[in-house]
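# Close look at the chain arrangement
Each chain, letter by letter, is given below.
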Amino acid sequence: MTVSIRVDPASGRKVFDTRAAKANVSIAGKGYSIVTDEALTTLPELPPGATFNAEEQAKYRAFKEVRRGAADYIAMEGDFAKYLADVYSADPVPREALTDECEILVVGAGFAGLLLWHKLRAAGFNDVRFCEKGGDVGGTWYWNRYPGIACDVEAYSYLPLLEETGYVPTMKFASGFEILEYCQRLADKFGFYEHCLFHTTVERTDWDEAAGRWIVETDRGDKMRARFVILANGILTTPKLARIEGMETFAGESFHTSRWNYNVDLRGKTVGIIGTGATAVQAIPELAKIVKDLYVFQRTPSSIDVRDQRATTEEEKLAWAGEPGWARARRARFAKISAGRTAMKANDDYLSGKVADFKERKQYERALSPEELLEKQLDTNFRIMEQIRARVDAIVTDPKTAAALRPYYPYGCKRPTFHDEYLPSFNLPHVHLVDTAPVGVRRINQRGVVHEGVEYPLDVLVYATGFQWMATSTFNMITGRGGRTLKQKWESEGTKTFLGLHSHGFPNLFIVSGPQGGGGSFNFTDAIDTHSDYVVWMLQTMRERGARIVDVRSEPEAAYAEHCRQADIASAPLRDCLSYYNGHGDAEPGSLAYYGGGRWHRLRIEAQATLEPYIFDNASETEPTAQSSLHA
Ligand SMILES: Cc1cc2nc3c(=O)[nH]c(=O)nc-3n(C[C@H](O)[C@H](O)[C@H](O)COP(=O)(O)OP(=O)(O)OC[C@H]3O[C@@H](n4cnc5c(N)ncnc54)[C@H](O)[C@@H]3O)c2cc1C
C-alpha cells in the first residue's frame, strides 16, 4: 500500500492523503476593487417614459432572433483536450487503484461535497468517500482562478458554516482566491482530506442489482463498490469552447478561463478574449491593468449592474463576534428575497436584521390575474434594463462602443453581472471592443482572430466561453436498472426527477443541485445546504427502517416533472432570450433548473411526512455473489 493510502487501526477504514500541492506560487489574485467614484457606483435615473411597449418588445425580439443558432459549442476533445489540464496542482499523488467498498461515495469536492461531509459526519455516517477530478477542494473556486474572480452573492451569506469556522470574509464580495482558501479551511477543520481521492475522475457508475451496490470506475483504475452514490458534481463544471474554424492553428498561447495559465506572463502582451459573459466581465478590468493591448470579442453584451464593493468593517466584525448565529440568520434572510437583483444588491440593513424589509411593498387595489402580474413584472424588468443601458451611455465615451455594449433582453435572462470598472475599461486607449454580433467569432488563424476581413494579431488568446449548464454530460455515465443511463432515460421520456434529487430506476442515487432541483434561493450554497439536509434525512430514515435500497415511484416523479414544466412555461416571458439557462433556446421546458423555493419545500415536507413517493426495499442484506464481489 502506498503512503497516500493507509488503514486506520481504530476503524479499519482506509484513510487518504492524496491532496496535490499547489503547482506554482504565481497563482494568486484579487476580486473586485473598491471604487469610490459615485458616478460609477450608482445607476443613472430612469429615462422618462420608459415602458415595455410594442416597439421595445420588437427590439428585444429582433435582438434575440438574429442570434438564434449562433451558439455552437464543441467538446474539449482531441486537439482541444489540452484546455482541460489541471494547471493549478502538482502531479497527482501516486496511489494504488482501489477495488474495495464504502457505504457512501460522493462525486465532487466543491461546496456540495464539503457540506455533505459536514452533515453526514454529524449524523454518524463515517464510511464516506469522495472522488474529485481536481487536486484540492473548492470545485468552482478551485477551477476558476482568473484575475478578478469574486462571488456575486454577498460572501456573508454565500460562505456556509461561518460560525462553525469563526471566519469573517474580508470583503462583502470575496475574491475567488479567498473562497478557495475558505474551502480548504473547511476541509482541514472537519477532516475532509482523509476521505477524498483527489485527481480522480469518476467515469462510470453502474448499478449492480444482485449486489444492491453501485460500481464506480475512475480514471485511476479504481473499481469501487458503494451502497449510495451522491452526485455533487456541480452545475457549471464542464467548460465549453465555441466552434471556430482554425482555432487549432493559433500559434500563440491560449487557454480557457477555467484553467487560467499563470505560467503565461501577460504583462506587455497583446491579448484577445472571446466572450463577454460573467467571467469576462470580472477578468477584463484586471487584464486591462497589465496588458499592452486588449481585444474583447463580443457576440452579446452582458447586463452590467453596479457592484459597490466594500471591505468588512471593524464594527461588523465586533458585532458578529458577539452575536451567535449571525451568519445563519443572514443566510436565512437572504433566502427570503424573491427578486434576483434585490438579492444581489444585498441590502445590509435588511440582511443584518436592522430593518424588517428594504422597500415598501406595492399594494394593488385588487388581486391581479397572472397575465396582469406578468405584464407588471415585465415592465419593472424593462425599467431596470433601461437604467442599465443608460449606465453604458453615461460611462462609455465612444458612441459606437456604447451602442454595442447595450443589452436588449429581460434582466436575469442571461446571468446578470455586476462591475464598477468594466465599462470604464472601454474608455482606455488600449482596450478595443470588437463587436462580432450576431454570430460571434467565426475564424481564427495562426496569428489571431479574423473578423469581417480584419485580422487581429494576438500573443495570447483567452476563451471566456463558459460552461455546460447542469453538467449534462455527467448523466451519461450513470447506468441504472435495466442498463439504461440517466441521459438515455431523460432523452426518451423527458427530464424526470422527484425534487431533482431522485430519478426512478436509479436506486440509492442522489443528485445535488441538478436539473429540476429546487428549494434554493439566489444563493447557490443555500440550495446545496437544503439538498444535503434532505440526503442526510433520507439516509437516517433508511437506517431507522432497516431499509437497504430506496427508489422513487414513477407517478410522483411524473407529476413533479410536469410541475417543473408548467412553472418553466409560466415564467418563460421573463427569460425570453437565448442563454445557457435555456439551452440557447433549445431546452425542453422544465428540463433544466427549477428554483421554486416554496412549492418545492411543500412537496418535500409532504414526502418526508408520508414517505409515499418512495419504494423501500427492506430485504435483509444480500451478500455480494462471487461474481459481483469486487473486494480487494
Ligand atoms: C465563476 C463562477 C462564479 C460563481 N459565483 C457564484 C456566486 O456568486 N453565488 C452563487 O450562489 N453561485 C455562484 N456560482 C455557482 C457555483 O458553481 C456554486 O455556488 C457552487 O460553488 C457549486 O458548488 P458544487 O459543489 O455544487 O459544485 P462545484 O463547485 O462545481 O464542484 C463540483 C466538483 O465536482 C467535480 N467533478 C465533476 N465531475 C466529476 C467526476 N466525474 N469525477 C470527479 N469529480 C468530478 C469537479 O471537478 C468539481 O470540483 C458561480 C459559478 C462560477 C463558475
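Residues numbered from 1 in each chain as written. Predicted model: local features only at pLDDT ≥ 70, side-chain atom pairs only at ≥ 80, totals over all residues. Heavy atoms only, no water.

## Considerations on the nonpolar core
Soluble globular proteins: nonpolar side chains tend toward being buried together. Filter applied, for reference: Residues belong to one nonpolar core when they are buried, are Ala, Val, Leu, Ile, Met, Phe, Trp, Tyr or Cys, and are joined through side-chain atoms within 4.5 Å. For every residue, the accessible area (1.4 Å probe, protein chains only) is compared with the maximum for its type, and the residue is labelled buried under 20%, exposed over 50%, or partly exposed between those bounds. Put simply, DSSP H or I for four residues or longer makes a helix, DSSP E for two residues or longer makes a strand, and each gets a number counted from the N terminus. For this analysis, residues touch if any pair of their heavy atoms sits within 4.5 Å.
Membership of the largest hydrophobic core comes to 143 residues, with the highest contact counts inside it found for F111, F192, L294 and Y614. Residue contributions to this core peak at nine residues, all from helix α17 (residues 524-545). Once residues lying within four places of it in the same chain are set aside, the contact partners of F111 are W141, Y158, L159, P160, I179, Y182, C183, L186, T525 and I528. Residues W214, M477, W490 and F506 belong to the second largest nonpolar core, which totals 25 residues.

## Details of the site of the ligand
Here is the rule we go by: Nearness of a residue to a molecule or strand requires only that one of the residue's heavy atoms be within 4 Å of it. The term polar contact refers here to a pair of N or O atoms within 3.5 Å; inside protein, the definition further demands a hydrogen-donor-capable atom paired with an acceptor-capable atom, and it admits residues adjacent in sequence only when both atoms are side-chain atoms.
As a matter of local geometry, the ligand sits amid 35 residues, with E132, T140, D152, Y158 and F524 nearest to it. Between an oxygen atom of the ligand and a main-chain N or O atom of A112, the distance comes to 2.8 Å. Within the side chain of W143, an N or O atom sits 2.9 Å from an oxygen atom of the ligand. Those elements that place two or more of their residues in the shell around the ligand are α3 (111-122), α4 (140-143) and α17.

## Quick look at the packing of aromatic side chains
Note the threshold: Only rings of Phe, Tyr and Trp enter the pairing, Trp through its six-membered ring, and a pair is recorded when the two centres are within 6.5 Å. The plane angle decides the type: under 30 degrees is stacked, over 60 is edge-to-face, the rest tilted.
Considering all chains together, one arrives at 33 aromatic pairs under this definition. Judged by centre distance (5.8 Å) and plane angle (85°), the ring pair of Y88 and Y142 falls under edge-to-face. One end of the pair, Y88, is in the loop between β3 (73-74) and β4 (101-107); the other, Y142, is in helix α4, and 54 residues separate them in sequence. Classification of Y88 as buried rests on a relative accessible area of 1%. Judged by relative accessible area, which is 1%, Y142 ranks as buried. A centroid spacing of 6.2 Å and a plane angle of 70° characterise the contact between F498 and Y560, whose relative ring orientation is edge-to-face. Residue F498 is found in the loop between α16 (486-493) and β22 (509-511), and its partner Y560 is found in helix α18 (residues 554-571); the two are separated by 62 residues along the sequence. Y560 shares its class with F498; the two are buried.

## A word on empty space enclosed by the protein
Operational definition: Any residue with an atom within 4 Å of a point lines the site, the site being either a cavity, points on a 1 Å grid over the protein atoms alone where a 1.4 Å probe fits but cannot get out, or a pocket, an open set with protein on both sides within 12 Å along at least 5 of 7 lines. Grid points are joined across faces, edges and corners, and a volume is the space filled by probe spheres set on the points. Residues are grouped as follows: Ala, Val, Leu, Ile, Met, Phe, Trp, Tyr, Cys and Pro are nonpolar; Asp, Glu, Lys and Arg are charged; all remaining types, including Gly, are polar.
Evaluation of the coordinates by the stated rule reveals three cavities of 30 Å³ or more. As a volume, the largest cavity reaches approximately 40 Å³. Around the largest cavity, the lining comprises ten residues; the ones closest to its centre are G234, F475, V512, S513 and G514. Taken together, the residues that form the lining of the largest cavity break down as six nonpolar, four polar and no charged.

## Examining the sheet that holds strand β20 (residues 460-463)
Under the convention used in this document: Should DSSP find at least two bridges between two strands, the strands are regarded as paired. Each axis is a line fitted through C-alpha atoms, taken for helices only over the stretch in contact, and angles between the N-to-C directions span 0 to 180 degrees.
Pairing is parallel in the open sheet, where five strands are placed in the order β11-β20-β12-β13-β16. Bordering the open sheet on either side are β11 (253-256) and β16 (431-435), each of which pairs with just one other strand. Ignoring strand direction, the axes of neighbouring strands in this sheet form an average angle of 15°. Two elements, strand β12 (residues 270-274) and β20, share four bridges in a ladder whose sense is parallel. Note that in β20 the partner of I273 across the bridge is V462. Sheet strands in contact with helix α8 (residues 278-288) are β12, β13 (293-298) and β16, and its direction is about 160° off that of β13.

## Description of the sheet that holds strand β19 (residues 454-457)
The strand order β17-β18-β19 describes an open sheet built from three strands, whose pairing is antiparallel. What marks the edges here is a single partner per strand, and that holds for β17 (443-444) and β19. Where strand β18 (residues 448-451) lies against β19, four bridges are found, and the strand directions are antiparallel. Each bridged residue has a counterpart across the sheet, and for G448 the counterpart in β19 is P457.

## A closer look at the side chain of S89
Among the structural elements, S89 can be located in the loop between β3 and β4. With a relative accessible area of 10%, S89 lands in the buried category. There is a polar contact of 2.5 Å between the side chain of S89 and the side chain of Y142. With residues up to four places along the chain from it excluded, the contact list for S89 reads A20, A21, K22, A23, G135, Y142 and H199.

## Topic: unusual backbone geometry
Cis geometry is adopted by the peptide bond preceding P438, which originates at A437 and carries an omega value of 0°. The topology assignment puts P438 in the loop between β16 and β17. Not every positive phi belongs to a glycine, and E452 is a case in point at roughly 50°. Inspection of the secondary structure assignment puts E452 in the loop between β18 and β19. Even without glycine at this site, Q516 takes up a positive phi of about 65°. You can see Q516 is positioned in the loop between β22 and α17.

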